[in-house]
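# Residue-level structural notes
Residue strings, one per chain:
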Amino acid sequence: MPSLKSHLVSFVLRHSRKKAFSSPENLQRWIAYARKTEDYHPPALLKARLDITETEIGGFPVYEIAPKAGERRRILYMHGGAYVFQITSYHWRMIAEMAERLGFGITVPIYPIAPEHDFHDMFGMVGDVYRRMLEETDAEDIVFMGDSAGGNMAVVLTMMAAEEGLPSPSHHVLISPGLDVSLANPEVFEAERQDPWLGIPGGLEAVRLYSAGFDRKDWHISPLYGDLSVLPKTLLLTGSRDMLTPDNLIFAERARAAGVEVDVVYEEGMFHVWPLIEMPEARRARDSIVAFLSSGKTTGQRKSEPITWSVEASSGNPFKTGLANT
């Protein structure tokens, strides 16, 4: 059963953040408000706990979280935010915990976001970040991790790297990624009704703002339609009350069919990017990530068999669930 904390969080989000994605106009209003308050800098408490340095690529900040002495492995973390919102304290807390528990170095690009910038600006910058990482670290010691839009970016960046003849990272960790924005799957429309945060009208507006004219079925925007065989071993975390989940589970099946090793942590009753929120289910999910990157195995529910998913499976919960600007 979902925890009391998860019910409370989802209730609050349903009556707040869901509005941002209810229409293109609302999303535009939320973006305008966010620009007045967003602060991408790591919180002061994190700076006290970790060795954090700031560099720059293409005029945009890149933060480096120092690893433990002697540790070579690194994570490139791409934050969520529907391509239009900045990194938040939720992301920074997640990044800090991964740095402390794994001891890996973590690279965090504050990449350009829409509508001020578009796909080409975003991937030009994160592509340069990855190239710089490859000058310093072997690809086998690099992990791509991302939540929501950042999960999409992790997959697309790997596909773009393969197209350029660059080596792929050793692992992916994808937290509630958005991997197909085409709306080709009719299950997404029913899933939206169960999702108290994400919505199709605002989501499509976010895609329009960043996609630089790509068709929504182009793999640069919806990597479900790309060459999945180039992807590394992957951990995919997705919840039953996230409208992105039907396509995420299709992605897992297709990637496995293409020869990719994929572990799926599917959490009943959970909402979009729940591992970033402090509650029992999130701690369990973060344990799964640490276990996956430490030993290649997850501690969560692993689905190796063909996956099916149904919205009705969790319809008995009187609360519908979701999260904020991720």
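These numbers were taken from a predicted model, which means no experiment stands behind them.

Turning to the overall build of the protein, a few remarks are in order. From N to C terminus, the protein includes 10 helices and eight strands. With the C-alpha coordinates of the protein rotated into their principal frame, the extents come out at 50 × 45 × 40 Å. For the protein, long-range pairs separated by at least 24 residues make up 79% of all intrachain contacts whose partners lie at least 6 apart in sequence. Put simply, the protein shows about 12800 Å² of open surface, and 53% of that area lies on carbon and sulfur atoms.

This paragraph deals with the sheet that holds strand β7 (residues 233-239). Within the open sheet, the eight strands sit side by side as β1-β2-β4-β3-β5-β6-β7-β8. Their pairing is mixed. Edge positions in the sheet fall to β1 (52-57) and β8 (262-267), since each of these pairs with one other strand and no more. Sheet twist, expressed as the mean angle between neighbouring strand axes with direction ignored, is 20°. For strand β6 (residues 171-175) and β7, the ladder comprises five bridges, and the chain directions are parallel.

On to the pattern of salt bridges. Taken as a whole and assessed by the stated rule, the structure comprises 18 salt bridges. For Asp128, the salt bridge identified is with Arg131, shortest N-O distance 2.9 Å. Pair noted here: Asp128 and Arg131 are both in helix α5 (residues 119-136), with a separation of three residues, about one helical turn. Look at Asp128 and you get partly exposed, because its relative accessible area is 37%. Across the pair Arg131 and Glu164 runs a salt bridge whose closest N-O atoms are separated by 2.8 Å. In this pair, Arg131 sits in helix α5 while Glu164 sits in the loop between α6 (149-163) and β6, placing the two residues 33 residues apart along the sequence.

A few words on α5. For an α-helix, the turn length of 3.6 residues means that residues three or four places apart are oriented alike. For α5, which comprises 18 residues, the first-to-last C-alpha distance of 26 Å matches the rise-based estimate of 26 Å (1.5 Å per residue) to within 8%. For α5, the side-chain oxygen to backbone nitrogen distance between the N-cap and His120 is 3.1 Å, and the N-cap itself is Asp118.

Here is a general trend for soluble globular proteins: nonpolar side chains tend to be buried in one another's company. Ranked by internal contacts, the top residues of the largest apolar core, which has 105 residues, are Tyr77, Val173, Ile289 and Leu293. Beyond its immediate sequence surroundings of up to four residues, Ile289 is in contact with Met94, Met98, Met145, Val173, Ile175, Leu235 and Leu237.

Turning to the packing of α5 against α6, a few remarks are in order. α6 packs onto α5 with a crossing angle of 70° between their chain directions and a minimal axis gap of 11 Å. Taken as axis vectors, α5 and α6 run roughly perpendicular relative to one another. On α6, the residues touching Phe119, Met122, Phe123, Val126, Gly127 and Tyr130 of α5 are Met153, Val156, Leu157, Met160 and Ala161. The residue inventory of the contact of α5 with α6, partitioned by class, reads 10 nonpolar, one polar and no charged.

Procedures and definitions
Residues numbered from 1 in each chain as written. Predicted model: local features only at pLDDT ≥ 70, side-chain atom pairs only at ≥ 80, totals over all residues. Heavy atoms only, no water. Helix = DSSP H or I, 4+ residues; strand = E, 2+ residues; numbered from the N terminus. Contact = heavy atoms within 4.5 Å. Areas by Shrake-Rupley, 256 points an atom, 1.4 Å probe, with all protein chains shown as cover. Pairing = 2+ DSSP bridges. Axes fitted to C-alpha atoms, helices over the stretch in contact; angles between N-to-C directions. Salt bridge = Lys/Arg side-chain N within 4 Å of Asp/Glu carboxyl O. Buried < 20%, exposed > 50% of the residue type's maximum accessible area, 1.4 Å probe, protein only. Expected span 1.5 Å × (residues − 1). Polar contact = N/O pair within 3.5 Å; in protein donor to acceptor, adjacent residues only side chain to side chain. Core = buried A, V, L, I, M, F, W, Y, C linked by side-chain atoms within 4.5 Å. Parallel < 35°, antiparallel > 145°, perpendicular 65-115°, else oblique. Nonpolar A, V, L, I, M, F, W, Y, C, P; charged D, E, K, R; others polar.

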